[in-house]
Amino acid sequence: MESKQKVVKTTLDSLPFGEIDAENEGKYKKYPLPEGVHKKMMYSDIITIALPSLVELTLTSLTSMVDQVMVGRLPGDLGVQGLSAVGLCMNPKFILMTALMAINTGTTAIVARYRGMGDQKKANQTFKQAMLFNLILSAIMMTVGTVFAKPFITFIAGQGISEATIAYAVTYFRIQMAGFIPLMLTNTITSTLRAIGDSRMPMIYNTIANVVNAVFNYLLIYGKFGFPYMTIAGASLATIIGQFVAFVIAISLMLKKSRYVYLDLKEKFVFDKDIMSNVLTIGLPSMIEQLFMRIGIIIYTRMVTSLGDIAYATHQVCMNIQSLSFMSGMAFSNSATTLMGQSLGKQRLDMADNYTRMTRTLSFLLSCVIGGCFIFFGRGIVSIYNSTPEIIALGGQILIMIGFTQPLQSSQFVTAGALRGAGDTKYTAMVIFVTTIIVRCSLGYLCIKVLDLGLMGAWYALVGDQVIRTAMIFMRYRQGKWRFFRLRGQDQ
């Protein structure tokens, strides 16, 4: 029986448990809304979860943008080198985060499923075990990243990046590793809270962290008010200070027993094989997916770095702007993951399908607005980062391309999020392998090395990747296999 502890309520809570129609497992159909449920109610559920997540992710991305703008505004060549250095650190950092992100993906799906089933005890046990596993993994990855920082960065840089840029990147990366454990444990807490529909608390502590980050950026990058003039290293230190603040707030929240999921440090840890099996069943394919993505991006990035510092700095600016645009898709994707998991936990296929389609509609409409801004104001947006004419001109052309792909990508994010919420992560891993490693890298080589199209060729390859990925994700959803994923230990 579910306790009266704090939990985000949705329309699902007012509905009885449904039944899985085993006879139609191979068939997909659009489900009508349940009797007494109206679209307004469901849109309200979606927005309740997505809006705080959208604010949080947008502010986080804006903070990343501020990081790069402040670094890019450093005098002379230092600005271009700084933009490139920050970009070089992203891929090795995400490689090290892969296993932990996999645990968090599994945690979100499983906690959401138990929330739908009304099993608070199992939801809480899942959270505790995810925290312990990620504490151990993050300590290992932090050590690896610190020791092998220079080989990681040198490999990513390839032959086209200057030694000065590589040196700045190594320093930036080592500082990032110092804050790796708090970052990953905060991510585990965030994943758990989103699973139960609470995206408001992550919004609060991440917003505070972003403000702290921005303030220390100004103080440490430029050496203001008596603080040391640290330039690029200052940006990295400011980031981990903000991340530590987020961790302190998040962990203090989870120590309160008034929450639906909480952390009792006095309670004896009990390993639950079924829970970790469920988490890993979903998480391991997600880890493989992320590894495929990072391998593909590293190969792709090495092609871009071969074009030199200016081209790579432009690429990094455009990637950062694109990541800002992704926030709407990711916020609605989080909502789709949560509502899909909770709906399947309650065996309400009708609610799962309708939540997914309505979430996709909202995300599509917002992405059209964002895409329009990129198409019409691209050069002005790029000029915020750096005043180099070549960067502004080329970046403006790329943003037009990004603008037209926005609606496609946002719909893909939501549908993939729904599949992950259902536990269908093996297929998404295969999609990432095909699109990122085979399609993007092959097209990138053709456009950059063979056709000599420069940085624009690299972005043609990226767009080709996204078009094929969207088609494959939509095809999988239409097959309907997401409806019948079972948890280990769950009644069939």
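In this text, all values refer to a predicted model and were calculated from it rather than measured experimentally. (Residues numbered from 1 in each chain as written. Predicted model: local features only at pLDDT ≥ 70, side-chain atom pairs only at ≥ 80, totals over all residues. Heavy atoms only, no water.)

Describing the overall build of the chain
Under the convention used in this document: Working definition: helices are DSSP H or I runs of at least four residues, strands are E runs of at least two. Numbering for both runs from the N terminus. Only protein chains enter the accessibility calculation, which uses a 1.4 Å probe; a residue whose area is less than 20% of its type maximum is buried, one above 50% is exposed, and one in between is partly exposed. Contacts: residue pairs with any heavy atoms within 4.5 Å of one another. In short, Shrake-Rupley with a 1.4 Å probe defines the accessible areas, and a residue's cover is counted only from the protein chains shown. Charge assignment in this entry is limited to Lys and Arg as positive and Asp and Glu as negative, and neither His nor the chain termini are counted. Charge coordinates come from a single atom per side chain, which is NZ of Lys, CZ of Arg, CG of Asp or CD of Glu.
Secondary structure assignment for the chain yields 14 helices and 0 strands. C-alpha extents for the chain along the principal axes are approximately 65 × 50 × 35 Å. Here the chain, with 492 residues, has 60% of them falling under the buried criterion. Here the analysis covers contacts within the chain between residues at least 6 apart in sequence; of these, 85% occur between residues at least 24 apart. Accessible surface, the chain as shown: approximately 19500 Å² in total, 66% of it carbon and sulfur. The averaged location of the 27 negative side-chain charges in the chain is 2 Å from the averaged location of its 44 positive side-chain charges.

Details of the pattern of salt bridges
Note the following rule: The salt bridge criterion pairs a side-chain nitrogen of Lys or Arg with a carboxyl oxygen of Asp or Glu, the two atoms within 4 Å.
Taken as a whole and judged by the stated rule, the model has 9 salt bridges. The partner of Asp13 in a salt bridge is Arg115, and the shortest N-O contact between them spans 3.1 Å. Of this pair, Asp13 sits in the segment before α1 (39–72) while Arg115 sits in helix α2 (residues 77–117), and the two are 102 residues apart along the sequence. A residue is classified by how much of its surface remains accessible, and Asp13, at 29% relative accessible area, is partly exposed. One salt bridge connects Asp424 with Arg476, and the closest N-O pair in it is separated by 2.8 Å. With Asp424 in the loop between α12 (389–422) and α13 (425–450) and Arg476 in helix α14 (residues 454–479), the pair connects residues that are 52 residues apart, well separated along the chain. A relative accessible area of 15% means that Arg476 is categorised as buried. Overlapping salt bridges, with partners in common, bring together Arg440, Asp465 and Arg469 in one network.

Description of the environment of Met340
Here Met340 is to be found in helix α10 (residues 309–345). Residue Met340 is classed as buried on the basis of its relative accessible area, which comes to 1%. In this structure the C-alpha to C-alpha distance between Met340 and Ile297, which are 43 residues apart in sequence, comes to 29 Å. Other than its neighbours up to four places away in sequence, Met340 contacts Ala352, Thr356, Ala418, Gly421, Ala422, Tyr477 and Trp482.

Points about the packing of helix α3 (residues 120–147) against helix α9 (residues 273–305)
This is how it is decided: Note on method: axes are straight lines fitted to C-alpha atoms, helices fitted across the in-contact stretch only, with angles between N-to-C directions ranging 0 to 180 degrees. If an angle is under 35 degrees, it is roughly parallel; if it is over 145, roughly antiparallel; if it lies from 65 to 115, roughly perpendicular; otherwise it is oblique. Crossing handedness is defined as follows: a turn of the near helix away from the far one that is anticlockwise and smaller than a right angle gives a left-handed crossing, while the clockwise case is right-handed. Polar here means any residue other than Ala, Val, Leu, Ile, Met, Phe, Trp, Tyr, Cys and Pro, which are nonpolar, and Asp, Glu, Lys and Arg, which are charged; Gly is therefore polar.
Axis separation between α3 and α9 bottoms out at 10 Å; the angle between their running directions is 70°. Taken as axis vectors, α3 and α9 run roughly perpendicular relative to one another. Seen along the crossing, α3 lies across α9 with a hand that is right-handed. Residues Lys122, Gln125, Thr126, Gln129 and Phe133 of α3 touch α9, and the partners they reach there are Ile275, Met276 and Val279. The residue inventory of the contact of α3 with α9, partitioned by class, reads 4 nonpolar, 3 polar and 1 charged.

A look at the packing of aromatic side chains
When we look at a pair of aromatic rings, we describe it by the centre distance and by the angle of the planes. The criterion, for reference: Here the aromatic set is Phe, Tyr and Trp, taking the six-membered ring for Trp, and pairing holds for ring centres within 6.5 Å; pairs whose planes are under 30 degrees apart are stacked, those over 60 apart are edge-to-face, and all others are tilted.
Taken as a whole and assessed by the stated rule, the structure comprises 6 aromatic pairs. Centroid distance Tyr218 to Tyr222: 6.2 Å. Interplanar angle 75°. Geometry classified as edge-to-face. For Tyr218, a relative accessible area of 35% translates into the label partly exposed. Owing to a relative accessible area of 24%, Tyr222 belongs among the partly exposed residues under this scheme. Ring geometry for Phe244 against Phe247: centres 6.5 Å apart, planes inclined by 40°, an arrangement best described as tilted.

Regarding helix α4 (residues 149–157)
Selection criterion: Here the arc refers to the set of directions running from the helix axis out to each C-beta atom.
Considered for burial, the residues of α4 that qualify are Ala149, Ile153, Ile156 and Ala157. For α4, the angular spread of buried residues about the axis comes to 100°, placing them on one side. Close packing links the buried residues of α4 with α2, α3, α5 (163–178) and α9. Gly158 lies just past α4 and shows a positive phi near 65°.

A short note on the nonpolar core
Note the cut-off: By nonpolar core we mean a set of buried residues, namely Ala, Val, Leu, Ile, Met, Phe, Trp, Tyr and Cys, connected to one another through side-chain atoms within 4.5 Å.
Counting 61 residues, the largest nonpolar core has Leu88, Ile153, Phe180, Ile321 and Trp459 as the members making the most contacts within it. At 10 residues, α2 tops the list of elements feeding residues into this core. Not counting chain neighbours up to four residues away, the residues in contact with Phe180 comprise Lys93, Leu96, Met97, Leu100, Ser138, Met141 and Met142.

Some points on unusual backbone geometry
For Thr231, which is not glycine, the phi torsion reads 50° and is therefore positive. Along the chain, the position of Thr231 falls in helix α8 (residues 231–254). If you check the backbone angles, Gln347 has positive phi at about 60° while not being a glycine. Mapping Gln347 onto the fold places it in the loop between α10 and α11 (349–385).

Concerning a nonpolar patch on the surface
This is how it is decided: Surface patches are defined over residues having more than 30% relative accessible area and no salt bridge, joining like charges when they lie within 9 Å and nonpolar side chains (Val, Leu, Ile, Met, Phe, Trp, Tyr) when within 5 Å.
Together, Leu443, Tyr445, Leu446, Val450, Leu451, Leu453 and Tyr460 make up a nonpolar patch on the protein surface, roughly 630 Å² of accessible area in all. Ranked by the residues each element gives to the nonpolar patch, the list is headed by α13, at 4 residues. Here Leu446 shows up in helix α13.

Re α5
Put simply, the rule reads: Given the number of residues in a helix, its expected span is that number minus one, multiplied by 1.5 Å.
The end-to-end C-alpha distance of α5 is 23 Å, a good match for the 22 Å that 16 residues give at a rise of 1.5 Å each. Residues of α5 that are buried: Thr165, Ile166, Ala169, Val170, Tyr172, Phe173, Ile175, Gln176 and Met177. Against the buried residues of α5 lie α2, α3, α4, α6 (180–195), α8 and α10.

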